[in-house]
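Chain by chain, the residues:
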Amino acid sequence: MEKKRANKNWNYKKMFFLYFSSLFCYFFVPPQDLSYTSHYYTVEDEENHMKIGYKNLWFSHHIQTIETENEAFERGYLEPNPTFERLIKAVDENKNIPYKMKDYFYYYIKGLYKDGKTNIKNSSILLKNIELLDGVYSMPQNFIKAISGSSQTVGCFLSSYNEHFICLSKKRESYHQYILNHEFNHMRKTLLFQDTETNTIINISFDKEAGYSLDEELNSYYTSLSFVEFGGYPYENMYLLENILTEQELENIYFYGNIDTLQYKLEEINSSINFERFIQCSDLQVDYIFDNDPSNDYDIDYELYSIYIDYFFSKEKQDNYQNFSNNFNDFCDVIIHDIPTSRDIKEQLLQDLKKERVKILEKRK
């Protein structure tokens, strides 16, 4: 019954709309500044108050971007620190979520609150997106391709100011829980909706500490399902992380966790390392791939990989240097052969590694 109802609600008109209005796919695409760019509407059109057909979609509204949680709370757009029960209730009350899909939501939310915490990072955004969801659809793979532009994409969270959908590939039905976990992570990071009282489009994004690239690197590392070439995510970075966390830990982070889980695991190794800066560097590295300015690549690459090195030595110390020589050689091999950065950066990183190795061997004599 639910399947028939979902199919009945879905139509090609919505497909057409979603194809052109989607802001998020399986890989993250930052929202454009729609007040200045459009294929449909120019600044001159706006100045002349020209309202022609589809052009009216964005420019009859004011777009307001909110970048801090406190501002979102003060304006009443987000509910502060929702509890486990509050999120579950939102799933139960949203009749647009098919009954057979609700268990996937429950599973993810239980994972967030497994330690009994009541203040989960960005759960307020997730709550609002759950309340706004217009549907969760299982669709043919060619429909997903039409929306995302990629034949490899298997799931999308599509968000516009007035419609919010999750689309999942029928071809990958047995993996829907894992795909949804990834989409839920997107739903915790950015929110786009219309404040009907003020006729304002609200864009809430706390992307400075979101860890988008790490999220996508983990995804591509385990599934190769992301459109990595287009997204520009240098997922070879994960080979360094594989030398810091166990394979089982990384698998659990991808399949059952999120960026907060990664933070928890790395802080167990060394809580004094600035994790927020670590994920900022990861995101900046991706940004700099596309800015056509090679002058800024060196500093961010060197800083990012130096943090990986700090985690590596902390992990070896935690393990009491039981297999230090072999682990050290493996880590050096990854830097030499796998990470996507320039030769001079690699040479500097190797020098840093060798200096620290000498210090450790001296202490252990």
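Treat the numbers as computed from the prediction; the structure is a model and nothing was measured. (Residues numbered from 1 in each chain as written. Predicted model: local features only at pLDDT ≥ 70, side-chain atom pairs only at ≥ 80, totals over all residues. Heavy atoms only, no water.)

## Considerations on the packing of helix H7 (residues 99–112) against helix H10 (residues 176–187)
Thought 1: Two elements in contact, H7 and H10, have axes whose closest approach is 10 Å; the angle formed by their N-to-C orientations is 60°. With respect to each other, H7 and H10 are oriented oblique. As H7 packs across H10, the resulting crossing turns out to be right-handed. Taking contact as the criterion, the partners of Met101, Asp103, Tyr104, Phe105, Tyr107 and Tyr108 in H7 are, on H10, His176, Gln177, Leu180, Asn181, Phe184 and Asn185.
Thought 2: Its residues assigned to classes, the contact of H7 with H10 comprises seven nonpolar, four polar and one charged. (Axes fitted to C-alpha atoms, helices over the stretch in contact; angles between N-to-C directions. Helix = DSSP H or I, 4+ residues; strand = E, 2+ residues; numbered from the N terminus. Parallel < 35°, antiparallel > 145°, perpendicular 65-115°, else oblique. Left-handed = near helix turned anticlockwise from the far one by under 90°. Contact = heavy atoms within 4.5 Å. Nonpolar A, V, L, I, M, F, W, Y, C, P; charged D, E, K, R; others polar.)

## Remarks on the environment of Val334
Thought 1: Among the structural elements, Val334 can be located in helix H18 (residues 324–337).
Thought 2: The buried category is assigned to Val334, whose relative accessible area is 8%.
Thought 3: In this structure the C-alpha to C-alpha distance between Val334 and Glu236, which are 98 residues apart in sequence, comes to 8.9 Å.
Thought 4: Discounting residues that sit within four places of it in the chain, Val334 has contacts with Tyr239, Leu240, Asn243 and Ile339. (Buried < 20%, exposed > 50% of the residue type's maximum accessible area, 1.4 Å probe, protein only.)

## Looking at the sheet that holds strand S1 (residues 62–66)
Thought 1: With respect to topology, three strands assemble into an open sheet ordered S1-S6-S5, the strand pairing being mixed. Across the chains shown, the open sheet's two edge strands, defined by having one partner strand only, are S1 and strand S5 (190–195). Adjacent strand axes in the sheet meet at a mean angle of 20°, parallel and antiparallel pairs treated alike.
Thought 2: By the bridge criterion, six bridges tie S5 to strand S6 (residues 200–205) in an arrangement that is antiparallel. Following the sheet pairing, Gln194 is matched in S6 by Ile201. (Pairing = 2+ DSSP bridges.)

## What about the nonpolar core?
Thought 1: Leu266, Phe278 and Tyr308 are the most contacted members of the largest nonpolar core, which totals 41 residues.
Thought 2: Counting only elements with at least two residues in this core, the list comes to helix H11 (212–223), helix H13 (238–242), helix H14 (247–256), helix H15 (259–269), helix H16 (275–289), helix H17 (297–318), H18 and helix H19 (343–363).
Thought 3: The dominant element in this core, judged by the number of residues it contributes, is H17, at nine residues.
Thought 4: With near-sequence residues (within four places) excluded, Leu266 lies in contact with Leu241, Ile244, Leu245, Phe275, Phe278 and Tyr311.
Thought 5: In this structure, Leu87, Ala90, Tyr108 and Tyr113 belong to the second largest nonpolar core, which totals 26 residues. (Core = buried A, V, L, I, M, F, W, Y, C linked by side-chain atoms within 4.5 Å.)

## Some words on the packing of aromatic side chains
Thought 1: Tallied over the full model, the rule gives 14 aromatic pairs.
Thought 2: Geometrically, the ring pair formed by Phe278 and Tyr311 is edge-to-face, given 5.6 Å between the ring centres and 65° between the ring planes. Of this pair, Phe278 sits in helix H16 while Tyr311 sits in helix H17, placing them 33 residues apart in sequence.
Thought 3: Chaining the aromatic ring pairs together yields one cluster made of Phe312, Phe313, Tyr321, Phe324, Phe328 and Phe331.
Thought 4: Directly above the aromatic system of Phe193 lies the positively charged group of Lys128, at a separation of 4.7 Å from the ring centroid. (Phe/Tyr/Trp six-rings, centres within 6.5 Å; stacked < 30°, edge-to-face > 60°. Lys NZ or Arg CZ within 6 Å of the ring centre and 35° of its normal.)

## Considerations on the confidence of the model for the chain
Thought 1: Per-residue pLDDT for the chain has a mean of 76; in total, 72% of the residues score no lower than 70.
Thought 2: The spread of mean pLDDT over the elements of the chain runs between helix H3 (residues 43–47), the lowest at 32, and helix H6 (residues 84–93), the highest at 95.
Thought 3: Predicted confidence is poor over residues 1–60, with pLDDT under 50, and the contacts of this stretch with residues over four places away or in other chains come to 106 contacts. (pLDDT = per-residue confidence, 0-100.)

## As for unusual backbone geometry
Thought 1: Even without glycine at this site, Asn199 takes up a positive phi of about 55°.
Thought 2: Topologically, Asn199 is positioned in the loop between S5 and S6.
Thought 3: Since its relative accessible area comes to 33%, Asn199 is described here as partly exposed.

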